[in-house]
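Read off the chains here:
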Amino acid sequence: MADEVILLDGYVSSFGMRVRVALAEKGIRYEYREEDLRNKSQLLLKMNPIHKKIPVLIHNGKPVCESLIIVQYIDEVWKDKAPLLPSDPYQRAQARFWADFIDKKLYDASRKIWTTKGEEQEAAKKEFIEVLKVLEGELGDKPYFMGERFGFLDIALITFYSWFHAFETLGNFSIEAECPKLISWAKRCLQKESVSKSLADQKKVYEFVVEMKKSLGV
Amino acid sequence: METHSKKMAEVKLFRTWSSRFALRIVWALKLKDVQYDTIFEDLSNKSPLLLQYNPVHKKVPVLGHNGKSVAESLVILEYIEETWKQNPLLSEDPHERAVARFWAKFGDEKVLPSIWEAFNSEGKEQEEGIVKAKENLKYLEEELKGKKFFGGEHIGFADIALGWLAEYENVFEEVASMKVIAEDEFPLLSEWKRTFADAPIIKENWPPRDKLVTRYQAFRETNLLNKAPK
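The rules behind each value
Residues numbered from 1 in each chain as written. Chains lettered and ligands numbered in written order. Predicted model: local features only at pLDDT ≥ 70, side-chain atom pairs only at ≥ 80, totals over all residues. Heavy atoms only, no water. UniProt positions renumbered as here; feature names shortened; annotations may be inferred. Helix = DSSP H or I, 4+ residues; strand = E, 2+ residues; numbered from the N terminus. Rg over C-alpha atoms; globule rule 2.2 N^0.38 Å. Lys, Arg positive; Asp, Glu negative; His and termini not counted. Charge placed at Lys NZ, Arg CZ, Asp CG, Glu CD. Axes fitted to C-alpha atoms, helices over the stretch in contact; angles between N-to-C directions. Parallel < 35°, antiparallel > 145°, perpendicular 65-115°, else oblique. Left-handed = near helix turned anticlockwise from the far one by under 90°. Contact = heavy atoms within 4.5 Å. Nonpolar A, V, L, I, M, F, W, Y, C, P; charged D, E, K, R; others polar. Buried < 20%, exposed > 50% of the residue type's maximum accessible area, 1.4 Å probe, protein only. Pairing = 2+ DSSP bridges. Buried area = accessible area lost by both parts, 1.4 Å probe. Salt bridge = Lys/Arg side-chain N within 4 Å of Asp/Glu carboxyl O. Polar contact = N/O pair within 3.5 Å; in protein donor to acceptor, adjacent residues only side chain to side chain.

Named according to an unreviewed UniProt entry, chain B is glutathione transferase originating from Rosa chinensis. The UniProt entry for chain B carries the following comment under Catalytic activity (unreviewed entry): "RX + glutathione = an S-substituted glutathione + a halide anion + H(+)". Annotation of chain B in UniProt includes, under Sequence similarities (unreviewed entry), the sentence "Belongs to the GST superfamily."

With an unreviewed UniProt entry as reference, chain A is termed Glutathione S-transferase, source organism Rosa chinensis. Comment text from UniProt for chain A, heading Sequence similarities (unreviewed entry), reads "Belongs to the GST superfamily."

Draft legend 1. Structural detail: the overall build of chain B. For chain B, the helix and strand inventory stands at 10 helices and four strands. Rg of the C-alpha trace for chain B: 18 Å, near the compact-globule value of 17 Å for 230 residues, within the 12% margin. Seen through its principal axes, chain B has C-alpha atoms that stretch 60 × 45 × 30 Å. Computing the positive centroid from 34 side-chain charges and the negative centroid from 38, chain B places the two 4 Å apart.

Draft legend 2. A look at the packing of helix α5 (residues 118–139) of chain A against helix α9 (residues 180–190) of chain A. Residues and elements named next belong to chain A. Relative orientation of the contacting elements α5 and α9 amounts to 70°, with a least axis distance of 9 Å. The angle between α5 and α9 falls in the class roughly perpendicular. Considering only the axes of α5 and α9, their crossing is left-handed. Between α5, through L132, E136 and L139, and α9, the contact on the second element is made entirely by P180, K181, L182 and W185. Here the contact of α5 with α9 is built from residues that sort into five nonpolar, no polar and two charged.

Draft legend 3. Region of the structure containing the pairing of strand β3 (residues 62–65) of chain B. Residues and elements named next belong to chain B. Neither face of β3 is left uncovered, since the one carrying V62 and G64 and the one carrying L63 and H65 both have all their residues buried. Pairing analysis gives four bridges linking strand β1 (residues 11–15) to β3, with the strands arranged antiparallel. For V11, the partnering residue across the bridge sits in β3 and is H65. Sheet topology note: the β3/strand β4 (residues 68–71) ladder contains four bridges and is antiparallel.

Draft legend 4. Spotlight on the UniProt feature "domain: GST N-terminal" (unreviewed entry) in chain A. Taking the numbering used here, the UniProt-annotated feature "domain: GST N-terminal" (unreviewed entry) corresponds to residues 3–82 of chain A. Between the end C-alpha atoms of residues 3–82 of chain A there is a gap of 18 Å, over a span that is 38% helix and 21% strand.

Draft legend 5. A look at the environment of A:Q72. Residue and element names in this part refer to chain A. By the secondary structure assignment, Q72 is in helix α3 (residues 67–77). Taking relative accessible area as the criterion, Q72 reaches 6% and is therefore assigned buried. For the pair Q72 and G10, spaced 62 residues apart in the sequence, the C-alpha separation amounts to 20 Å.

Draft legend 6. Quick look at the sheet that holds strand β3 (residues 56–59) of chain A. Residues and elements named next belong to chain A. Strand order in the open sheet formed by four strands is β2-β1-β3-β4, with mixed pairing between adjacent strands. What marks the edges here is a single partner per strand, and that holds for β2 (31–34) and β4 (62–65). Adjacent strand axes in the sheet meet at a mean angle of 20° when their direction is disregarded. Taken together, the four bridges between β3 and β4 define a ladder with antiparallel strand orientation. For H59, the partnering residue across the bridge sits in β4 and is K62.

Draft legend 7. Here's a closer look at the interface of chain A and chain B. Taken together, the contacts link 26 residues of chain A with 23 residues of chain B. Overall, the association of chain A and chain B removes approximately 2300 Å² of surface from exposure, summing both partners, and the carbon and sulfur fraction of that is 67%. Of all residues in chain A, A:I50, A:Y90 and A:F97 give up the largest surface area on contact with chain B, accounting jointly for 26% of the area buried on that side. Our count for the contact surface shared by chain A and chain B stands at seven salt bridges. B:R101 is paired through a salt bridge with A:E76; the nearest N and O atoms lie 3.1 Å apart. One can count eight residue pairs in polar contact (both at pLDDT 80 or more) joining chain A with chain B. Breaking the side of chain A that touches chain B down by element, the ones donating at least two residues are β4, α3 and α4 (89–115) of chain A.

In structure tokens form, the structure reads like this:
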């Protein structure tokens, strides 16, 4: 039976990109549907009635929501190829812990960089860099977060890279100057086709953010 | 035999007597019949060992296993599930697993904060908070259709994650003089609360109700005082 895989997504969404990377890593064929978040499709509202958000993976008619839950789902269904989570339970716990840390800390701090000004923006930049530095510390000298293989935690973080150019421009700072090892890691990830083909173009993200700022009046 | 005793060796749970997050770990370990030592923490005076085991968040619960530590209750639950495979909390089916994880996350990110908001309010503000909380609870009610537990016939991952609703939520309602999960509006959820609260293992491990009431009374008083006057 052929699998039907549909991804409801938004081009610039770091969360959506995580799913794109995971699908690409596993070589899964799927139908990509871009959602206009100001005019959500009936399908999105039906498949994610609670949050009405992207990404949503629809596999043979059944929805899976929340990006990290989707990535784990993909890893469990298509388990014979390119494992995304390590096999050891402790390593898996570490990957989940840090992915949770990213979700809890990075997104909010980063959002404030482009939605605020002055002192508030400075505080946001500081917090953002602090979070990245903690992650950089976790990376250490390893090629990828869990060691030799690209996986779950790399996927959780790399998709924010598309937004770095926007943050740097609007926040007037250099992320590479503060976290050079993390940027090296990002460039290493980008050498993988699954990543380079899935990440949104940073200029397009910047244009999107500029538009958002106008419409939000910030 | 050696592997089994290696797994059994040195499991430590850092907790407080009242933490509803730590309680999840107590339930999971006991449901799987895993032997462990408990270290009760005073969060106003955290032990060096806790700070060593959870340097990032410095919170409880933390699970120590053979000298390594795992933090964040839902991450710990997954670790326990993968390390001790008896009495599984998650289905083998990937879609059902994804659904269970979804409800656990929904509980923590939406249900809990909305009930906590209502708890820390009074008057009109509380009324509005209750309306919001009920909107979230509606989804849980629907999910329980045709099921005894969120996990189906047996207690599962989502039940453990949402389990605080079966006792702590009652405490919140009592302390804040509010009714959120009414029997007529939420018959399935009300029934689930009773069934879960009375289930073996769960039943024996609730913290003392009167102590919880006192504790949350104190929280509420402080939180109400700290709110800016409208």
